[in-house]
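# Structural overview for review
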Amino acid sequence: MWSKLTLFISIGVLVLMALGAIFAPLLAAYPPNEMVFTAFQPPGEAGLLGSDGLGRDLFSRILFGMRYTFLVTIVATSLAGAIGVTLAMIAALNKGWVDIVIGRAVDILMSVPQIIFALIILAISGVSLYTLIATMAVLQSSTYFRVTRPIAGDLATMEYVEVARLRGEGLSWYLFREILPNMIPSLLAQFGLGLSSAALFISSLSFLGIGIQPPAADLGGLVRENALALAAGRWTPLVPAMCIAAFCLSVNGVVDWLVGRYSDRPEAR
Amino acid sequence: MTDTRILTISNLKVEAGPNLLLDDVSIHVDRGEVLGLIGESGAGKSTLALGAIALFRSGCQPTGGSITLSGQSLLELDAAGLDTVRRTKAAYVAQSAAAAFNPFYRLEDQVTEVPAMRGHLSRAERHRMAAALFEELQLPDPENFGRRYPHQVSGGQLQRAMIAMALINQPDLIIFDEPTTALDVTTQIEVLRLIRKVTRTHNCAALYISHDLAVVSQMADRIVVMRNGRMVEQGPTRQLVDNPQTEYAQRLVANQGEGTYAAGNDNAQTLLEVSHVDVGYGALTAVKDASIALGAGSVLALVGESGSGKTTLARAIAGLQPVRTGAVRMRGETLAPLVERRTFDQRRLVQYIHQLPDLALNGRQTIREIVGRPLAFFHGIKGAAADARLRELMEAIELPADYLDRYPASLSGGQKQRICIARSLAAKPDILICDEITSALDPLVEESIIRLLTKLIEEEALSILFITHNLGLALRFSHETAVMQSGQILEYGPTRAVFETPQSDYTRRLIGAVPQLREGWLDGVSRAAG
């Protein structure tokens, strides 16, 4: 009962945020980057949530900010998952030097805090939507590799994989027909965690000023822009931060339920 | 009378949700008596045996009846009372001693754990008790045996150490749950003999569970036949074996009967030839200088105990483990050592069936996908043609066609093994390599798989390399038999010759160790063994 309630609230929050992001141009009362008010007007006087330090409508900026956050999060997480899981399966099937080379490369990636690694790469390559997504995908793929490699290793020794080997199947059959379907329950959990951590990651990068570049802003960027207003006694900067938190919590709520459901299905046993 | 009665279970019902695990079961065991429980997996025999100490797996509930052990009504006791009864009055010997011992502690500390818990004996006294039991169970160097760790002793020794653990408390009742199923036949005999000896000398009551009627008939004074949670038949051992009343018991007994040799085909063309093959892993040579030949349309049994190299040889033939020296030839063509280097047709013509169908079937694919894949892969058959062929294959393995859209998890063990056979047949092979494919199945299911294979040899023009540790099976099913020991082929020839005039001592011992229903068989073998 409690888990059902969590699920419904989580789905509700996610649907609401998704609708807000998708229909941002229709819902926003003002263009996000135009100065339509004076600085730091309180809610009610100027727009739903007041105005920011440059007199822009905060509510409109949050709607557009969610677009950036969600786009980067979803694309980067999908890419990271695809890279990490595929490499893990290849390493598990080939073992030997392939396994060692991929494994050590991932060790190197993981030995440096991701945010610092991202700072270095973005400083060298320059910040754009593409480099951001690519950097995050590569860095976060290491986690997927770590989680997937032992599971894929166990599955690779299964006798149905041996049957496929005796038949002479190609690599893609092994990967996507024999091994991948058996990893889905564990991958679902990892994908959910990945979505939250990617959302936090892009928000942190933007908060540090090397994420989405002004005048555009994602949720993390909005927290940074409005941080000064906190000192002025305004609560509005907390709204984008709360959006990030709500997103992460809701994603986990849905994934918890999915994992439980998937492992209850008879063919999963 | 009541004085000697150790265990009385009357009208016991055990339910797990909607399933009735035990339905109105009543048994009793007296002091000095061994009661055999026999039945296939899922018959409820373990549930009943654990029920004797009022131990039920989670989710199972006793919903009726009573259990009286050593004069105490167990279902009326509280948790503390139950603990005391279990600790002092009963002992349990599990199937896998290797899983039952903690690898971290020395054997003696584990064997004497219960006396140590009760705290009324000194360490020296406990050591004397353990050493005396080790001696009684004929373990080597009984004085120091207990200093070893579980991994330092053999499987048979570990099973005997577990019996010592059971005896140390002088329980009224010992429950033996398939204590020799995991052992090789020659090791099994020793353990069986000792179990019988100690149950007599210690004068306790025993429940002996097994799926092997021959073993039970040697061990038990009375036998209860279980099926689907009900008692099918019970009676004194001799009476039940010689004159079974119910149809099910009759089938069980008939299944144990003396086998007849399969009719051979003497002038069969040689299909597969293995000559002077060595196979190894690292420094270990698992197969040494093995030569066998498989004729078209015949069955060659490869028998031996665990570790004899029979599976390694089979894997080398299949190309899963490369041969070091020697050659594997099919119709005169030499096969590459690894399957990856073999041609498309060579891979198609040799099909391998694994021991455990649970691991050999991908749980996320439907039966249609599993059996359909070799059709598409080897023969390019798809769509409606594939559907027709799949129905034929399901008919060949005697399963309904609507199973095609099921997942393996909804099938029984025997049905899963049939699906593995269908998958091999889909490739249209010449040779099936069957690696212990029935050893995880119940005897009657095993028999039906063998009947199926016998039928398929004719229909599909198959030749079979049949790896097994079950000599009775080799006798009934194969035309030729090769006996392996320590990686070498010790004896090889027509099955009848190998069984009737064995040349080596080891083969004689192996054949002699196969349990039989005959009264006094165990005593006879024990005497012969000295």
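Structure's up top.
Residues numbered from 1 in each chain as written. Chains lettered and ligands numbered in written order. Predicted model: local features only at pLDDT ≥ 70, side-chain atom pairs only at ≥ 80, totals over all residues. Heavy atoms only, no water.

### Some details on the overall build of chain A
As a reminder, the rule being used: The helix and strand labels rest on DSSP assignments: H or I over at least four residues marks a helix, E over at least two residues marks a strand, and numbering proceeds from the N terminus. Here the term buried applies to any residue with accessible area under 20% of the maximum for its type, exposed to any over 50%, and partly exposed to those in between, with areas from a 1.4 Å probe on protein chains only. Throughout, a residue-residue contact means that at least one pair of heavy atoms, one from each residue, lies within 4.5 Å.
Across its full length, chain A holds 10 helices and 0 strands. Traced from its N-terminal end to its C-terminal end, chain A shows the element sequence α-α-α-α-α-α-α-α-α-α. Along the first, second and third principal axes, the C-alpha atoms of chain A reach 75 × 50 × 30 Å. The proportion of buried residues among the 269 residues of chain A is 46%. A fraction of 70% describes how many contacts in chain A between residues 6 or more apart in sequence connect residues 24 or more apart.

### Remarks on the overall build of chain B
Rules: With the radius of gyration taken over C-alpha atoms, the globule rule is written as 2.2 Å times the number of residues to the power 0.38. All accessible areas in this document rest on Shrake-Rupley with a 1.4 Å probe, and a residue is counted as covered only by the protein chains that are shown.
Each helix and strand counted, chain B has 23 helices and 20 strands in total. Here the C-alpha radius of gyration of chain B, 25 Å, is about what a compact globule of 530 residues would show, namely 24 Å. The buried share of chain B, reckoned over its 530 residues, is 54%. Within chain B, contacts between residues separated by at least 24 positions form 68% of all contacts whose residues are at least 6 apart in sequence. When the accessible surface of chain B is split by element, carbon and sulfur atoms take 47% of a total near 22400 Å².

### Describing the nonpolar core
Residue and element names in this part refer to chain B. Applied cut-off: The term nonpolar core refers to a set of buried residues drawn from Ala, Val, Leu, Ile, Met, Phe, Trp, Tyr and Cys, joined through side-chain atoms within 4.5 Å.
I163, F176, Y208 and I223 are the most contacted members of the largest nonpolar core, which totals 66 residues. Those residues in contact with Y208, other than ones at most four positions away along the chain, are V34, L35, G36, L37, F176, P179, T180, L192, I195, V215, V216 and M219. In terms of nonpolar packing, the next biggest core, distinct from the first, is built from 39 residues, I353, Y403, L411 and I421 among them.

### Examining the state of the cysteines
Convention followed: Cysteine sulfur atoms that pair up within 2.5 Å are treated as a disulfide.
Scanning all chains against the criterion turns up 0 disulfides over all chains. C248 of chain A takes part in no disulfide bond, and the closest cysteine sulfur to it belongs to C243 of chain A, at a distance of 11 Å. Given a relative accessible area of 9%, C248 of chain A falls into the buried group. C434 of chain B provides the cysteine sulfur closest to C420 of chain B, a residue in no disulfide bond, and the two sulfurs are 11 Å apart. Its relative accessible area of 2% is what places C420 of chain B among the buried residues.

### A look at the environment of L133 of chain B
Residue and element names in this part refer to chain B. Tracing the backbone shows L133 in helix α6 (residues 123-136). Placed 31 residues apart in sequence, L133 and A164 show a C-alpha to C-alpha distance of 5.7 Å. Residues in contact with L133, not counting those within four places in the same chain, are A164, L167, I168 and H202.

### What about the pairing of strand β3 (residues 34-38) of chain B?
Within a regular strand, the side chains alternate between the two sheet faces. Residue and element names in this part refer to chain B. Selection rule: For two strands to be treated as a pair, DSSP must find at least two bridges joining them.
Along β3, 5 of the 5 residues are buried, which leaves the element largely enclosed by surrounding structure. The side-chain alternation of β3 yields two buried faces, one formed by V34, G36 and I38 and the other by L35 and L37. Both β3 and strand β9 (residues 222-227) contribute to a ladder of 4 bridges, which runs parallel. The partner of L35 across the bridge, within β9, is R222.

### Notes on the sheet that holds strand β10 (residues 230-236) of chain B
All names here are of chain B. Going by this rule: Helix axes are fitted to C-alpha atoms over the stretch in contact, other axes to C-alpha atoms as well, and angles between N-to-C directions run from 0 to 180 degrees.
Sheet architecture is open: 6 strands sit in the order β6-β7-β8-β3-β9-β10, paired in mixed fashion. With one partner strand each, in any of the chains shown, β6 (90-93) and β10 form the two edges of the open sheet. Direction aside, neighbouring strands of the sheet carry axes that sit 15° apart on average. Docked against the sheet, helix α8 (residues 155-167) engages β6 and β7 (173-177), running at close to 170° with respect to β6. Contacts from helix α9 (residues 185-201) reach β3, β7 and β8 (205-210), with the element oriented near 155° to β8.

### Description of the interface of chain A and chain B
How we decide: Here's the idea: put two parts together, see how much 1.4 Å probe accessible area each one loses, and the total over both is what we call buried area. Salt bridge, as applied in this entry: a Lys or Arg side-chain nitrogen positioned within 4 Å of an Asp or Glu carboxyl oxygen. Any pair of N or O atoms that falls within 3.5 Å is considered a polar contact. Within protein, one atom must be able to donate a hydrogen and the other to accept it, and sequence-neighbouring residues count only if both atoms are side-chain atoms.
Facing 20 residues of chain A, the contacting portion of chain B comprises 25 residues. Here chain A meets chain B over a buried area of about 2200 Å², counting both sides, of which 53% is carbon and sulfur. Note that R165 of chain A is salt-bridged to E340 of chain B, the shortest N-O span being 2.7 Å. Counting the contacts that link chain A with chain B gives 12 residue pairs in polar contact (both at pLDDT 80 or more). Of all the elements, helix α7 (residues 159-167) of chain A adds the most residues to the side of chain A that touches chain B, at 7 residues.

### Examining the sheet that holds strand β15 (residues 333-334) of chain B
All names here are of chain B. Spatially, β12-β11-β14-β15 is the arrangement adopted by the 4 strands of the open sheet, whose pairing is antiparallel. The strands lining the two open edges of the sheet, one partner per strand, are β12 (284-295) and β15. As defined by bridge partners, strand β11 (residues 270-281) adjoins β12 across 8 bridges and the pair is classed as antiparallel. Bridge assignment links L272 to a residue of β12, and that residue is L294.

Geometry only, nothing functional implied.
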